[in-house]
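# Chain and residue survey
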Amino acid sequence: MAEKKAKKGKGSLKKGKGSPKRGSEGVGDVCDSDLLSYYKMMLLIRRFEERAGQLYGMGLIGGFCHLYIGQEAIVVGMQSSLEDGDQVITSYRDHGHMLACGMDPRGVMAELTGREGGYSKGKGGSMHMFSREKNFFGGHGIVGAQVPLGTGLGFANRYRGEDRVSVVYFGDGAVNQGQVYESFNMAGLWNLPVVYVIENNKYGMGTSVERVMSLRGGLYERGVHFGIEGEGVDGMDVEAVAEAGCRAVKRCRAGEGPYILEMNTYRYRGHSMSDPAKYRTKEEVAEVRKKRDPIEKCLQRMRERGLVDDAEIKEIDKAIKARVSDSASFAQESPEPSIEELYTDVYVE
Amino acid sequence: MAIEILMPALSPTMTEGTLSRWLVKEGDEVKGGDVVAEIETDKATMEVESVDDGVVGRLEVEAGKEGVKVNSRIAILLEEGEGSEVLDGYSSGSVNGGVQVVAGVVRKEEEVVEWESGVVGGDAATVEDAGEWEGETKMVSVREALRDAMAEEMRRDGDVFLMGEEVGQYQGAYKVSQGLLEEFGERRVIDTPITESGFAGLGVGAAYGGLRPIVEFMTFNFAMQAIDHILNSAAKTLYMSGGQMSVPIVFRGPNGAASRVAAQHSQCYASWYAHCPGLKVVSPYSGSDAKGLLKSAIRDMNPVVFLENELLYGQEFEVPSGEGSEDYVVPLGKARVVRQGSDVTITAFSRMVGVALAAALELSEQEGIEAEVIDLRSLRPLDRAAILGSLAKTNRLVSVEEGWSFAGIGSEIAGIVMEEGFDDLDAPVMRVSGKDVPLPYAANLESLALPRTEDVVRAAKKVCYREL
């Protein structure tokens, strides 16, 4: 799979034109700052997911729970390329996306535990959270469904003549869905401002890409016949992602139509909490963790560039741990939704 | 013997049409397959081909003539060697048993079906067409009423737009969107590829983004490709988001059996969609309801499935017009009593309201049974109060629907009546429905498979304990 070598992309990162920028919770405001913000957000996502895994093991989180560990660089790098008002939509592996969008870890964790303080008041769960305020449009549990939905967000932007861009994340498993190509066709035909981000983590649940795909070239080439260009990106390198993301978003915003980014990535955990991941070897996972881990790579670069010293790193780790602990406490203390909530929010009255 | 060219039918129910122009004149030589004339209905212009070689002996209908009856002779073709004296044997107007064939212009089947529909069996006179409207009215087809509803709402709100297959340049597969492209342009009247899942999903996404899409399905049969987005992406999102994300969108198009289009194109989806919380489901009968309900649906903040009926498109009703009529809306969730009666309640929706009214008339005239007919109009929310109120008066209930009875709308009504109106029942509820088979193509079987007036009459007599 062709991967573009990451250029040092800071200079090309487009700063938002409007102010104020995305809230301090998100990483939108760090687009052109430095690795440090990327690092903080990636670490927040990882620690958050590890904690979610623990709470699941304790029986505090139920149902399906899909962790994002290993793929953090993608949402963090992509989010840095967005401006206020740009929209994000993704699948059910969505915790990292929400944190990167600047959603409050407390609200996300409390939704995982099914509590009143969750983003959906406990009625959505791990796979279904939204934030109008942060322009995060879910959280969708049907493989591939978010692709036409996100294309529709792009359609709405163009309809209103607004220069917002919609970013649609989907996995390698969804790439085979018919509705993905139905969407590519319309996005190409109508020149919609949509960046399609394929998170290719090599496995659709327990089946490797090679086993279910008639492959010729990269997945980023699947838009070619719809007139949609794309490129492969090292999804384990946050700077490479940010650089490619900024270019893609910029051209989209300039009216040059949709674009596809295929992020070459890897998930360390199983498909969901109940997946023992026997379809791959422990060595395979260990190898990736050792050589390609996005957070380690980021840390190493920060050190090389003299951006942080060990004491600062310790401080950061401590602060993030505290924040995640706070979210976990909140998620356990927040009460279950009141029983009246059973019948609310079915219709807008 | 000369060859007679007869006025062709463009659909099984067409009875007459306009001969818009001749492409040949008397004395012209024609070959089989040559186009000799154009005929039109309000939906389409079609070409008439000659089926044989010959010389045009006589054109019997002037170009531009309207109301030319199907199977009446429009021209006579002389065969080789025949002279014009042969024409003397053909008195004008009477058909001697000639040959005719309509042009074989190959198009999609949806397009060639122009159901003039005529009288579906209803006694339209008993319908209070314009509901509570007290202003001016005019006779308008359901097709135009739907178009007017969309046009008015699009004028009112710039976020409303229409998308679907053939809605723009083609003017709608059933001509419901006629004129909209001209008025609103390509930005707001959008022709889509034939990819229901994709464009329905895109429409839902546009609603997430704050717009108010009207998604037209050429028929609801094709919406099965998109049902995931209708349910999972539209209906459930408000709940799943804890009330943050409303999805104001209308999915509309013809539902149910048309005529002779067989099993895959003839299904009623009322109970499928009505099953689902988060959706509103509407299925009008009259023109004023079609217009008033569609306007309400477009203004509603929830996803609405709007089930039309192809056979009703050409039917005309009194519809509010003139001053203030653009504000005439019909609330969702309210049924309407379209015929008062004391002996038995008949519930129906969409085209079946016509069947129920016809049955009511027959019951009154032949049996002395006065049926109260309720047009449900909305299936979710269902107007329980109207049903139970009528039951309290008549103590008997027959439900009529075109779809299958298993887990159908009638089953739901029977359940409600059992749970909430048991003491009012003097007889078991009867369900009249489509037969439990995929819809057959053969005309006789198709007719048997769909609810007929006599089925409703029989059911009503049965709950009144009359001899069958």
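Figured I'd write up the structure that's included with this text. (Residues numbered from 1 in each chain as written. Chains lettered and ligands numbered in written order. Predicted model: local features only at pLDDT ≥ 70, side-chain atom pairs only at ≥ 80, totals over all residues. Heavy atoms only, no water.)

Let us now look at the overall build of chain B. Counting its secondary structure elements, chain B contains 13 helices and 22 strands. Against the 2.2 N^0.38 benchmark of 23 Å for 468 residues, chain B shows a C-alpha radius of gyration of 25 Å, consistent with a compact globule. For chain B, the residues scored as buried account for 59% of the 468 residues in total. Looking at chain B alone, contacts between residues at least 24 apart form 77% of all its contacts between residues at least 6 apart. With the model as given, the accessible surface of chain B reaches about 17900 Å², and the carbon-plus-sulfur share is 48%. Charge centroids of chain B, computed over 42 positive and 77 negative side chains, lie 5 Å from each other. (Helix = DSSP H or I, 4+ residues; strand = E, 2+ residues; numbered from the N terminus. Rg over C-alpha atoms; globule rule 2.2 N^0.38 Å. Buried < 20%, exposed > 50% of the residue type's maximum accessible area, 1.4 Å probe, protein only. Contact = heavy atoms within 4.5 Å. Areas by Shrake-Rupley, 256 points an atom, 1.4 Å probe, with all protein chains shown as cover. Lys, Arg positive; Asp, Glu negative; His and termini not counted. Charge placed at Lys NZ, Arg CZ, Asp CG, Glu CD.)

Moving on: the pattern of salt bridges. Summed over the entire model, instances satisfying the criterion amount to 50 salt bridges over all chains. In this structure, the salt-bridge partner of A:Arg164 is A:Glu162, at a minimum N-O distance of 3.7 Å. With relative accessibility at 30%, the residue A:Arg164 sits in the partly exposed group. Among the ionic pairs, A:Glu229 bridges to A:Arg251, the shortest N-O distance being 3.9 Å. Highlighted residues: A:Glu229 in strand S7 (residues 229–234) and A:Arg251 in helix H8 (residues 238–253), separated in sequence by 22 residues. Several salt bridges converge on common partners, so that one network encompasses B:Glu152, B:Glu153, B:Arg156, B:Lys291, B:Lys295 and B:Arg299. (Salt bridge = Lys/Arg side-chain N within 4 Å of Asp/Glu carboxyl O.)

Turning our eyes to something else, we now look at the pairing of strand S5 (residues 45–49) of chain B. All names here are of chain B. Residues of S5 alternate between two faces, with Met46 and Val48 buried on one and Thr45, Glu47 and Glu49 left unburied on the opposite face. Of the pairings in the sheet, the one linking strand S4 (residues 35–40) to S5 comprises five bridges and is antiparallel in character. The residue of S5 that forms the bridge with glutamate 38 is glutamate 47. (Pairing = 2+ DSSP bridges.)

As a further point, take the packing of helix H1 (residues 35–57) of chain A against helix H2 (residues 72–79) of chain A. The relative placement of two packed helices comes down to the angle between their axes together with the axis-to-axis distance. Residues and elements named next belong to chain A. One way to put it is that H1 packs onto H2 with a least axis distance of 9 Å and a crossing angle of 140°. By the angle class used here, H1 and H2 are oblique. Pair H1 / H2 crosses with right-handed handedness. Contacts from Tyr38, Met41, Met42, Ile45 and Arg46 in H1 reach Glu72, Ala73, Val75 and Val76 in H2. Residues that form the contact of H1 with H2 fall into these classes: seven nonpolar, no polar and two charged. (Axes fitted to C-alpha atoms, helices over the stretch in contact; angles between N-to-C directions. Parallel < 35°, antiparallel > 145°, perpendicular 65-115°, else oblique. Left-handed = near helix turned anticlockwise from the far one by under 90°. Nonpolar A, V, L, I, M, F, W, Y, C, P; charged D, E, K, R; others polar.)

Purely geometric numbers; function is a separate question.
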